[in-house]
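Chain by chain, the residues:
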Amino acid sequence: MSDPGMLQVVLMGLITVFVGLICLIIIIVILGKIMKAVTGNQTAAPAAPAPVPAAPAAPAAPAAPAAQPGNQQLVAAIAAAIAEDMGEDVDHIKILSIRRV
């Protein structure tokens with residue numbers, strides 16, 4: 001770094017980055033204050049949603065052999081993911097078999 005022009009470029013780059021970051025912080029703080037003013041300073045936690053009545057549980061056959069440990073957790077996770085993707089309730093999903101692909 002014997003060239004003074006190189007040092008000037010490095011310093012200008014660092015200054016530009018930090019000035020940009022400071023501007024972002026200021027904008028975020030201002031927008032946060034605006035949002036608090038618009039929402040009316042709602043600092044309390046939102047009320048919990050009403051509980052969904054439990055559907056009658058139908059006896060389900062095991063979805064996969066019970067010999068493997070943790071298999072029920074795997075089936076539950078897969079059923080939840082499928083139900084979420086389909087927009088259905090987990091009670092409406094019936095997994096007949098699971099195969100590794």
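Rules behind the numbers
- Residues numbered from 1 in each chain as written.
- Predicted model: local features only at pLDDT ≥ 70, side-chain atom pairs only at ≥ 80, totals over all residues.
- Heavy atoms only, no water.
- Helix = DSSP H or I, 4+ residues; strand = E, 2+ residues; numbered from the N terminus.
- Buried < 20%, exposed > 50% of the residue type's maximum accessible area, 1.4 Å probe, protein only.
- Areas by Shrake-Rupley, 256 points an atom, 1.4 Å probe, with all protein chains shown as cover.
- Expected span 1.5 Å × (residues − 1).
- Arc of directions from axis to C-beta.
- Core = buried A, V, L, I, M, F, W, Y, C linked by side-chain atoms within 4.5 Å.
- Contact = heavy atoms within 4.5 Å.
- pLDDT = per-residue confidence, 0-100.

Another point: the overall build of the protein. Secondary structure summary: the protein contains two helices and zero strands in total. Here the protein holds 101 residues, and 8% of them are scored as buried. For the protein, the exposed surface amounts to about 9300 Å²; the carbon and sulfur share of it is 69%.

Attention now moves to helix H2 (residues 71–86). Taking 1.5 Å of rise per residue, 16 residues should cover 22 Å, and H2 covers 22 Å from first to last C-alpha, within 8% of that figure. Every buried residue of H2 is accounted for by Asn71, Val75, Ala79 and Ala83. Down the axis of H2, the smallest arc covering the buried residues is 100°, so these residues share one side. Exposed side chains of H2 directed beyond 90 degrees from the buried face belong to Gln73, Glu84 and Asp85.

All right, on to the nonpolar core then. Grouped together as the largest cluster of nonpolar side chains are five residues: Val75, Ala79, Ala83, Ile93 and Ile95. Setting aside chain neighbours within four positions, we find Ala83 in contact with Glu88, Asp89, Val90 and Ile93.

What follows is about the confidence of the model for the protein. For the protein, per-residue confidence averages 78 on the pLDDT scale, and residues scoring 70 or more make up 68% of the total. Note on residues 62–67: pLDDT under 50 across the span, and six contacts to partners over four residues away in sequence or across chains.

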